[in-house]
Amino acid sequence: MDQKELFALEQQCIQECAPPCTAACPVHVDVRAMLAETARGDFSAALKIYQKVVPFPHILSRICDQPCQNVCRRGEIEESIAIRALERAAVNHGELPEEKKRPMPKRSGDIAVIGGGISGLTVAYDLARKGYKISIFEAGNELGGGLWKADRDYLPAEVIREDIEVIYELGVEVDLNTLIDHIHLFELRNAFDAVYIAVGPHASENFELERDEYGIIKVDPITFETSMAGVFAGGGLLWGIEMHSSVTSISEGRRVGISIDRYLQKVSVTASRVNEGPYTSCLYTDISGISPRPLIQMGDPDFGYEWHEAIQEAKRCIQCECMECVKACEYLREFGRYPRRYVREIYNNLSIVKGTRYANTFINSCSLCGLCAEICPENLDMGAVNLKARQTMVAQNRMPSSAHDFGLRDMQFSNSDKFLMVRNAPGTAASDYVLFPGCQLSASSPGHVEQVYSDLREQLSDQQVGLMLGCCGAPANWAGRPDLFESILSAWRTHLQAMGNPKVILPCSSCYQVFQKHLPDVEIISLWDFFDTHGLPAEVTSANRTVSIHDPCSTRYESHIQDGIRHILGRLGYQIEELPRSRERTTCCSYGGMMWLANPNLAEKVVQKRIQEGETDYVTYCAMCRDNFAGRGKRTWHILDLIYNQGSDEQATRRGPNYSQRHDNRARLKRQLLTEIWGETMDGSQPYESIRLNIAEDVQAKLEQRLILVEDIQRVIEYAERTRRKLLNRQTGHYLAYYKPTTVTYWVEYLPIEDGFIIFNAYSHRMEVPGSGSS
Amino acid sequence: MSEPEQVWICDNCNIPLQPDKVDVAYMGNAFPVELLKCPNCGLVFIPEDLALGKMVEVEKQLEDK
Ligand code: SF4
Ligand code: SF4
Ligand code: SF4
Ligand SMILES: [Zn+2]
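Residues numbered from 1 in each chain as written. Chains lettered and ligands numbered in written order. Predicted model: local features only at pLDDT ≥ 70, side-chain atom pairs only at ≥ 80, totals over all residues. Heavy atoms only, no water.

Asks: What am I meant to see in the state of the cysteines here?
Replies: Residue and element names in this part refer to chain A. Enumeration over the complete set of coordinates arrives at one disulfide over all chains. A disulfide bridge connects C17 with C282, and the sulfur atoms are separated by 1.9 Å. On the S-S bond that ties C17 to C282, the torsion sits near -100°, and the link is left-handed. Of this pair, C17 sits in the loop between α1 (3-12) and α2 (20-24) while C282 sits in the loop between α11 (246-265) and α12 (307-314), and the two are 265 residues apart along the sequence. Residue classification places C282 among the partly exposed residues on the basis of a relative accessible area of 43%. A disulfide-free cysteine, C472 has its sulfur positioned 4.0 Å from the sulfur of C511, the nearest such atom. Among the residues examined, C472 registers a relative accessible area of 4% and is labelled buried. (Disulfide = S-S within 2.5 Å. Helix = DSSP H or I, 4+ residues; strand = E, 2+ residues; numbered from the N terminus. Buried < 20%, exposed > 50% of the residue type's maximum accessible area, 1.4 Å probe, protein only.)

Printed below as a string of structure tokens:
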């Protein structure tokens with residue numbers, strides 16, 4: 001991921017876009033934050049937020065024409081938030097701390113402001129605070145300009161005077177009763193370093209500036225520069241009418257201030273000036289679940305909201321934000337931020353040279369399920385980002401082996417002689433079809449695999465159906481190992497070619513995804529589509545029961561498979577109660593992306609959340625999903641349980657086999673099929689495999705949790721007994737031995753018995769110690 | 001006989017383990033740790049709480065470095 005990619009990805013997440021109210025506000029009051037403080041009852045904090053961008057808060061909070069209200073999302077439900085009234089409440093009920101006497105910056109430059117209306121006053125305010133010397137020339141006998149035309153009931157004279165007082169406090173020189181009309185502009189320009197003309201609609205003919213055909217002074221719409229360098233113009237004179245929007249005047253004054261400051265600092269006046277005035281927000285907010293809350297009425301409209309009324313009104317604010325993906329994905333929620341930040345953290349993690357890589361766990365915890373991309377209004381796919389990050393980590397030799405090791409070894413087992421097997425139907429030299437059950441269905445329900453294979457051969461009796469056992473390679477892909485993944489894929493390619501390019505029948509949707517995406521030349525069909533079109537293999541008895549379907553996340557965009565499952569269930573007599581998230585919005589069971597390995601605690605939350613989404617029994621069509629749910633007490637069937645066994649209680653509650661049993665089941669399946677169908681025997685078992693172990697149930701559970709397999713223990717004992725490298729505990733008489741077959745060192749506490757060994761304990765670590773007999 | 005060095009003996013050499021500095025390594029980093037060790041053949045003892053506690057912690061730190 002280079003910087004350009006990072007920026008593009010960051011841009012894709014619009015969570016940090018300003019909400020509509022703030023975008024529409026000409027001075028961009030952070031309305032959302034202000035209302036959050038108000039809702040908490042902290043009016044002073046609210047006022048602080050307001051005053052940060054509003055120089056004359058008493059005035060503006062009374063007369064602002066609040067363009068923000070028109071776009072307030074609350075308004076789409078009933079009435080928009082009373083934003084100006086809440087600004088006034090902040091002014092009325094909040095208090096600003098005594099402003100700390102900080103040394104004023106001293107920028108040098110004399111600036112003339114012609115016209116003491118609110119836009120001129122804003123320029124004076126902003127630039128005086130930067131240390132410039134400001135002189136205001138006002139034709140009337142008081143500052144305020146158009147403000148004096150406002151309704152006095154709304155805007156009493158003392159409010160104007162009090163708010164404007166700050167101009168004098170800032171040391172601005174004010175010349176009242178001074179009409180500038182008769183002075184030539186170039187004289188003024190000579191006396192000052194910059195000039196701002198804000199004299200209202202009727203600018204003097206003496207200002208020798210370029211004008212349009214209606215006689216209005218031409219200015220740059222972004223910088224407000226006129227045709228004369230150092231002279232800026234704004235306010236009513238640009239429109240030729242009296243200004244009515246004081247917030248627009250303030251906004252323009254602010255932008256003029258920026259221009260003059262840059263002009264005097266001799267930096268680019270035009271560079272990166274986007275969204276300074278009002279604009280349309282790019283934020284997405286889903287308001288579909290928000291219930292109506294009526295506008296809070298004021299007890300005393302003259303005073304405005306009482307504090308308790310203001311709190312209630314502020315609570316109506318939706319606090320607009322996107323966060324759609326975070327709401328949907330437990331993983332994104334777990335780390336407390338959102339993709340725009342995550343992308344940046346991932347980038348930092350990958351580009352860091354020295355120091356801690358904080359995002360390793362984050363990157364490896366994603367299930368790569370693609371739900372975020374489906375949900376995001378901008379289709380940002382964090383799964384794809386994380387997969388790429390993993391590949392980069394592997395390429396940099398920075399991938400912690402602990403993250404995926406166990407899963408990769410499981411895959412290796414499946415693609416070793418223990419399980420790997422490719423056969424045409426007995427007595428044939430090529431296949432029209434080949435069943436590829438995958439590693440997990442074979443581990444979880446080897447009996448079903450045998451059944452399906454024999455039924456397929458019957459259903460396709462006039463064609464040749466071969467069998468291919470192994471792991472599709474998905475874990476290598478998830479682990480960010482494209483080289484390893486490709487070598488597995490190419491093995492499948494070779495095998496299939498040798499079989500005469502049969503059509504591959506796939507029960508597992510993860511395999512389906514791998515074949516479809518990465519072996520595009522191979523013809524495939526999901527077993528469920530096959531059953532849907534060719535008919536069910538077993539006799540149908542009507543179940544007349546309601547179930548919910550968990551679509552595996554790898555079927556997200558395979559609606560034909562999802563349909564097939566629903567048709568099959570219909571034929572079996574099941575009514576379907578769809579889960580709130582199904583089909584293209586389905587969630588991962590926590591097996592995807594090897595989340596369960598990198599972050600077991602998070603995986604637990606993910607499964608728990610999913611099984612709590614529906615009351616009825618679940619049906620799914622991925623063995624891992626089923627085992628994950630049923631293992632935590634959620635009654636869940638694999639669709640094959642319903643097809644072949646009418647959905648018995650025993651099958652709904654059956655815990656899946658443990659990790660060692662999964663290996664055994666695969667190996668046994670291969671041995672059995674080889675003997676029964678092809679009349680072959682398996683040879684070449686390792687010496688350690690015949691070591692018999694006696695493991696109590698509580699020890700067994702510990703091993704499972706520690707990801708220690710029976711075969712790991714067998715290897716340690718075989719090594720220790722052969723080499724006599726073991727320790728003896730003189731208190732217990734137990735032996736303790738350690739051995740490191742590949743990357744992990746296993747320790748086993750044991751005692752020999754008549755026909756094997758009792759296992760008392762086992763643990764492991766990755767750090768390498770001397771004497772571990774590593775090969 | 002409750003001191004660990006009196007409890008553990010090397011089965012092959014038939015002598016008690018003794019504390020010694022042992023080099024452990026992970027992800028290209030090596031550092032000495034005091035462990036019980038057979039003075040003759042070098043077999044070491046890593047107790048369960050060390051393997052599952054401190055060692056995992058250090059492994060994680062090195063992985064994130
Ligand atoms: S609901 Fe709140 S955050 Fe959303 S637009 Fe309205 S005031 Fe702004
Ligand atoms: S859905 Fe998520 S990634 Fe997409 S814009 Fe919203 S917060 Fe950002
Ligand atoms: S777990 Fe799924 S939804 Fe969540 S970030 Fe990863 S790919 Fe996206
Ligand atoms: Zn020894």
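Alright, that's what it looks like, and here's the rest.
Asks: How should the site of ligand 1 be read in this particular structure?
Replies: Lining the immediate environment of ligand 1, one finds C21(A), V31(A), L35(A), C72(A), R73(A), I81(A), I83(A), C317(A), I318(A) and C320(A). Here the residues of the shell around ligand 1 sort into nine nonpolar, no polar and one charged. (Near = heavy atom within 4 Å. Nonpolar A, V, L, I, M, F, W, Y, C, P; charged D, E, K, R; others polar.)

Asks: Even after reading the chapter, I still don't get the site of ligand 2, so can you show me in this structure?
Replies: The local shell around ligand 2 consists of C13(A), I14(A), Q15(A), C322(A), M323(A), E324(A), C325(A), P339(A), C376(A), P377(A) and L380(A). Here the shell around ligand 2 is built from residues that sort into nine nonpolar, one polar and one charged.

Asks: Teacher, can you tell me more about the coordination of the zinc ion (ligand 4) here?
Replies: The textbook angles at a metal center are 109.5 degrees for a tetrahedron of four donors and 90 or 180 degrees for an octahedron of six. All names here are of chain B. Coordination of the zinc ion (ligand 4) by the protein comes from C10 (SG), C13 (SG), C38 (SG) and C41 (SG), over a distance range of 2.2 to 2.4 Å. Considering all four donor atoms around the zinc ion (ligand 4), angles at the metal cover 105 to 111° and the coordination shape is tetrahedral. In the primary structure, the donors to the zinc ion (ligand 4) are separated according to the pattern C-x2-C-x24-C-x2-C. Taking the relative accessible area as the measure of exposure, C38 reaches 1% and is therefore buried. With a relative accessible area of 28%, C41 lands in the partly exposed category. (Donors = N, O, S within 2.8 Å, 3.2 Å for Na, K, Ca; no water. Tetrahedral: all angles 85-135°; square planar, octahedral: opposite > 155°, others 65-115°.)

Asks: Please explain α1(A) as it appears in this structure.
Replies: Because the α-helix completes a turn every 3.6 residues, residues three or four places apart line up on one side. Residues and elements named next belong to chain A. When we look at burial in α1, the residues that qualify are L6, L9 and E10. Buried residues of α1, seen end-on, are gathered within an arc of 100° and therefore sit on one face of the element. Pointing more than 90 degrees away from the buried face of α1 are the exposed residues K4 and Q11. Residues of α1 that are buried in the fold lie against α15 (339-351) and α18 (382-395). (Arc of directions from axis to C-beta. Contact = heavy atoms within 4.5 Å.)

Asks: Looking at this structure, how should I read the packing of helix α8 (residues 118-128) of chain A against α11(A)?
Replies: All names here are of chain A. Running from N to C, α8 and α11 point in directions that differ by 40°, and their axes come no closer than 7 Å. Classified by the angle between their axes, α8 and α11 sit oblique to one another. Crossing geometry of α8 relative to α11 is assigned as right-handed. Residues I118, S119, T122, V123, D126 and L127 of α8 form the contact with α11, whose own contacting residues are S246, S249, I250, G253, R254, V256, G257, I260 and D261. Partitioned by chemical class, the residues of the contact of α8 with α11 number six nonpolar, six polar and three charged. (Axes fitted to C-alpha atoms, helices over the stretch in contact; angles between N-to-C directions. Parallel < 35°, antiparallel > 145°, perpendicular 65-115°, else oblique. Left-handed = near helix turned anticlockwise from the far one by under 90°.)

Asks: Got a minute to help me understand the environment of N729(A) in this structure?
Replies: Mapped onto the secondary structure, N729(A) falls in strand β16 (residues 727-729). By relative accessible area, N729(A) is classed as buried at 9%. In sequence terms N729(A) and E749(A) are 20 residues apart; their C-alpha atoms lie 9.5 Å from each other. Residues in contact with N729(A), not counting those within four places in the same chain, are H734(A), V7(B) and W8(B). Of note is the side chain of N729(A), whose polar atom sits 3.1 Å from the backbone nitrogen of T732(A). (Polar contact = N/O pair within 3.5 Å; in protein donor to acceptor, adjacent residues only side chain to side chain.)

Asks: Whenever I open this one, the interface of chain B and chain A confuses me. Can you help?
Replies: Accessible area lost upon the coming together of the parts serves often as the stated size of an interface. Contacts between the two partners involve 35 residues from chain B, matched on the other side by 35 residues from chain A. Both faces combined, the contact of chain B with chain A buries some 3200 Å², and carbon together with sulfur accounts for 57% of it. At the surface where chain B touches chain A, the tally comes to 18 residue pairs in polar contact (both at pLDDT 80 or more). Considering only residue class, the side of chain B that touches chain A consists of 23 nonpolar, four polar and eight charged. Pairing analysis gives three bridges linking β16(A) to strand β1 (residues 8-10) of chain B, with the strands arranged antiparallel. Each bridged residue has a counterpart across the sheet, and for L727(A) the counterpart in β1(B) is C10(B). (Buried area = accessible area lost by both parts, 1.4 Å probe. Pairing = 2+ DSSP bridges.)

Asks: In this structure, what is going on with the packing of aromatic side chains? I would like to understand it.
Replies: The way to describe two aromatic rings as a pair is by their centre distance and the angle between their planes. Residue and element names in this part refer to chain A. Throughout the structure, instances matching the rule amount to 25 aromatic pairs over all chains. Ring centres 6.0 Å apart and planes at 80° place the aromatic pair F137 and F192 in the edge-to-face group. Of the two residues, F137 sits in strand β2 (residues 133-137) while F192 sits in the loop between α10 (185-191) and β4 (194-197), which places them 55 residues apart along the sequence. Classification of F192 by relative accessible area gives buried; the value is 13%. With a centroid separation of 5.0 Å and 70° between ring planes, the pair formed by F436 and W492 is classed as edge-to-face. One end of the pair, F436, is in the loop between β7 (433-435) and α20 (439-444); the other, W492, is in helix α23 (residues 482-498), and 56 residues separate them in sequence. With respect to burial, F436 and W492 carry one shared label: buried. (Phe/Tyr/Trp six-rings, centres within 6.5 Å; stacked < 30°, edge-to-face > 60°.)

Asks: How should the sheet that holds strand β5 (residues 44-45) of chain B be read in this particular structure?
Replies: Residues and elements named next belong to chain B. Read from one edge of the open sheet, three strands run β3-β4-β5, paired in antiparallel fashion. The outermost strands of the open sheet, each flanked by one partner alone, are β3 (18-26) and β5. By the bridge criterion, two bridges tie strand β4 (residues 29-37) to β5 in an arrangement that is antiparallel. From the neighbouring strand, L36 faces β5, where its bridge partner is F45.

Asks: Which parts of the structure should I look at to understand a negative patch on the surface?
Replies: Residues and elements named next belong to chain A. Judged by side-chain charge, D151, D153, D300, D302 and E306 come together as a negatively charged surface patch. For D300, the location among the structural elements is in the loop between α11 and α12. For D300, a relative accessible area of 34% corresponds to the partly exposed category. (Patch = residues over 30% accessible without salt bridge, like charges linked within 9 Å, V, L, I, M, F, W, Y side chains within 5 Å. Areas by Shrake-Rupley, 256 points an atom, 1.4 Å probe, with all protein chains shown as cover. Salt bridge = Lys/Arg side-chain N within 4 Å of Asp/Glu carboxyl O. Lys, Arg positive; Asp, Glu negative; His and termini not counted. Charge placed at Lys NZ, Arg CZ, Asp CG, Glu CD.)

Asks: For this particular structure, what's the right way to read the domain arrangement of chain A?
Replies: When its domains are assigned, chain A resolves into domain 1 (18-97 + 284-314), domain 2 (110-146 + 156-239), domain 3 (327-399), domain 4 (404-534), domain 5 (545-656) and domain 6 (687-765). One C-alpha centre belongs to domain 5 of chain A, the other to domain 6 of chain A; they are set 36 Å apart. (Domains from an automatic or database assignment.)

Asks: Could you clarify how one ought to interpret the nonpolar core in this entry?
Replies: It is characteristic of soluble globular proteins that their nonpolar side chains tend to be buried jointly. Residues and elements named next belong to chain A. L332, F515, W528, F531 and I643 are the most contacted members of the largest nonpolar core, which totals 121 residues. Those residues in contact with F515 that lie beyond four places of it in its chain are F436, M468, C472, L496, V504, L506, P520, V522 and I524. Grouped together as the second largest cluster of nonpolar side chains are 80 residues, I114, Y125, A310 and C317 included. (Core = buried A, V, L, I, M, F, W, Y, C linked by side-chain atoms within 4.5 Å.)

Asks: Help me out: how do you make sense of the pairing of strand β8 (residues 465-469) of chain A in this one?
Replies: Each regular strand shows side chains that alternate between the opposite faces of the sheet. Residue and element names in this part refer to chain A. Judged by how many residues are buried, β8 sits mostly within the fold: five of five residues are covered. Judged by which residues are buried, β8 turns out to be covered on both faces: V465, L467 and L469 on one side and G466 and M468 on the other are all buried. Pairing of strand β6 (residues 421-423) with β8 involves three bridges; the strand directions are antiparallel. Each bridged residue has a counterpart across the sheet, and for R423 the counterpart in β8 is L467. By the bridge criterion, three bridges tie β7 to β8 in an arrangement that is parallel. Note that in β8 the partner of V434 across the bridge is G466.

Asks: What is the right way to look at the pattern of salt bridges in this model?
Replies: All names here are of chain A. In this structure the tally under the stated criterion is 46 salt bridges over all chains. Note that E613 is salt-bridged to R610, the shortest N-O span being 2.6 Å. Among the residues examined, E613 registers a relative accessible area of 23% and is labelled partly exposed. With a relative accessible area of 1%, R610 lands in the buried category. Put simply, R74, E78, E313 and R316 are held in one network by salt bridges that share partners.

Asks: Looking at this structure, I do not really get the side chain of T586(A). What am I missing?
Replies: Residues and elements named next belong to chain A. Relative to the helices and strands, T586 resides in the loop between β12 (574-576) and α27 (595-598). Within the structure, T586 has its side chain in polar contact with the side chain of R610 (distance 3.1 Å). Residue contacts for T586: discarding those within four places in its chain leaves L371, H550, D551, P552, C553, R556, R581 and R610.

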